[in-house]
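Structural overview
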Amino acid sequence: MSEPRIIVALDFPDEASTMQLVEQLEPELCRLKVGKELFTRTGPQLVNRLVTLGYDVFLDLKYHDIPNTVAKACRAAADLGVWMVNVHALGGPAMLAAARNALSASDAPLLIAVTILTSSSDQDLHAVGIDRSPGEMVNRLASLAEHEGIDGVVCSAQEAQQLRSSLGNGFLLVTPGIRLPSDTADDQKRIVSPVDAIRQGSNYLVIGRPITQAKAPLQKLLTINSEISQL
Ligand code: C5P
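Attention here is on the structure that accompanies the text. (Residues numbered from 1 in each chain as written. Predicted model: local features only at pLDDT ≥ 70, side-chain atom pairs only at ≥ 80, totals over all residues. Heavy atoms only, no water.)

1. Observations regarding the site of the ligand
Taken together, Ala9, Asp11, Lys33, Thr118, Pro176, Arg179, Gln188, Val206, Ile207, Gly208, Arg209 and Pro210 form the complete shell of residues around the ligand. Residue Lys33 places a side-chain N or O atom 3.0 Å away from an oxygen atom belonging to the ligand. Contact distances for the ligand include 2.6 Å between a nitrogen atom and a side-chain N or O atom of Thr118. Protein chains shield 80% of the accessible area of the ligand, which is 470 Å² for the free molecule. For the shell around the ligand, the elements supplying multiple residues, two or more each, are strand 8 (204–207) and helix 10 (209–212). Among the residues making up the shell around the ligand, the classes are represented as five nonpolar, three polar and four charged. (Near = heavy atom within 4 Å. Polar contact = N/O pair within 3.5 Å; in protein donor to acceptor, adjacent residues only side chain to side chain. Areas by Shrake-Rupley, 256 points an atom, 1.4 Å probe, with all protein chains shown as cover. Helix = DSSP H or I, 4+ residues; strand = E, 2+ residues; numbered from the N terminus. Nonpolar A, V, L, I, M, F, W, Y, C, P; charged D, E, K, R; others polar.)

Below you can see the structure in the form of structure tokens.
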């Protein structure tokens, strides 16, 4: 297949359970996401191992700090050989510019921004002094990220259509909250099928439990790939 669009979220507590899944997958069929729990438990060593196996790794650590620190963290991620890293757009223009500047080489990882976490409600934003709705903030922060040269944003499929039309085709949209009709929703509130997410403008789909907890993870991945390859 051409370019894998599925990013499997490796939400595991240790290297052994992670590798038990990874050994059933193929780098040609998916990319992998390492988040805060797994990275905090296993460190760069596991990331190295996945990269050495030929996988594109999305290091999902959502950096948010002073510009100099974020720039250096992004550089450290690039040195690990990861394919994608992310930062919080709420870090502001100077922090986004510093991250962009640190990852300016042609072989640098893709740099993605997180806008407003989908778990944040109107009340959560109000409590931290933001009196705009999550939807308004997503648009505002995605525009800021694009203005600072960031490659794309993490967004829900519901936000994808609007962001695709306002920010154009070159801006990457990375979308979690994906479920097939036969899957359970787990703790996701608003779920969308892989086909609908791609139709709404997503470039990459972050999928965790529907694949990691499947009886036959490779089969599940192949099914999703075959559905979206027909679009
Ligand atoms: O298992 P599931 O498919 O729900 O996993 C989704 C992954 O995407 C998890 O790693 C989760 O942390 C991440 N994510 C999300 N919603 C966001 C941002 C990230 O579910 N808004």
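2. Some remarks on the packing of helix 7 (residues 134–147) against helix 8 (residues 157–167)
The contact between helix 7 and helix 8 brings their axes to 11 Å, and the two run at 40°. Judged by the angle between their axes, helix 7 and helix 8 are oblique. Like other packed secondary-structure pairs, helix 7 and helix 8 cross with a definite hand, here right-handed. When helix 7 is examined against helix 8, the residues Val138, Asn139, Ala142, Ser143 and Glu146 are found in contact with a partner set consisting of Glu159, Gln162, Leu163 and Leu167. Residues belonging to the contact of helix 7 with helix 8 are distributed by class as follows: four nonpolar, three polar and two charged. (Axes fitted to C-alpha atoms, helices over the stretch in contact; angles between N-to-C directions. Parallel < 35°, antiparallel > 145°, perpendicular 65-115°, else oblique. Left-handed = near helix turned anticlockwise from the far one by under 90°. Contact = heavy atoms within 4.5 Å.)

3. Re the packing of helix 1 (residues 15–22) against helix 3 (residues 44–52)
One way to put it is that helix 1 packs onto helix 3 with a least axis distance of 12 Å and a crossing angle of 15°. With respect to helix 3, the axis of helix 1 lies roughly parallel. The element helix 1 and its partner helix 3 pack so that their crossing is right-handed. In this structure, helix 1 uses Glu15, Thr18, Met19 and Val22 to contact helix 3, whose residues at the interface are Gln45, Leu46, Arg49 and Leu50. Residue classes in the contact of helix 1 with helix 3 are distributed as four nonpolar, two polar and two charged.

4. Overview of the sheet that holds strand 1 (residues 6–9)
With respect to topology, eight strands assemble into a closed barrel ordered 1-2-3-4-5-6-7-8, the strand pairing being parallel. When strand polarity is set aside, the average angle formed by the axes of neighbouring strands in this sheet is 25°. With three bridges connecting them, strand 3 (residues 57–63) and strand 4 (residues 84–88) associate as parallel partners. When the bridges of strand 4 are listed, Leu59 appears paired with Val85. Contacting strand 2 (31–34) and strand 3, helix 3 runs over the sheet at an angle of about 150° to strand 3. (Pairing = 2+ DSSP bridges.)

5. Focus on the pattern of salt bridges
Within this structure, the stated rule accounts for 14 salt bridges. Its salt-bridge partner being Arg100, residue Asp151 comes within 3.2 Å of it at the nearest N-O pair. Taken together, the positions of Asp151 in the loop between helix 7 and strand 6 (152–154) and Arg100 in helix 5 (residues 93–102) put the pair 51 residues apart, joining distant regions of the chain. Arg100 sits in the buried class, given a relative accessible area of 18%. Between Arg179 and Asp186 there is a salt bridge whose closest N-O contact spans 2.9 Å. Linked through salt bridges whose partners overlap, the residues forming this network are Arg179, Asp186, Asp187 and Arg209. (Salt bridge = Lys/Arg side-chain N within 4 Å of Asp/Glu carboxyl O. Buried < 20%, exposed > 50% of the residue type's maximum accessible area, 1.4 Å probe, protein only.)

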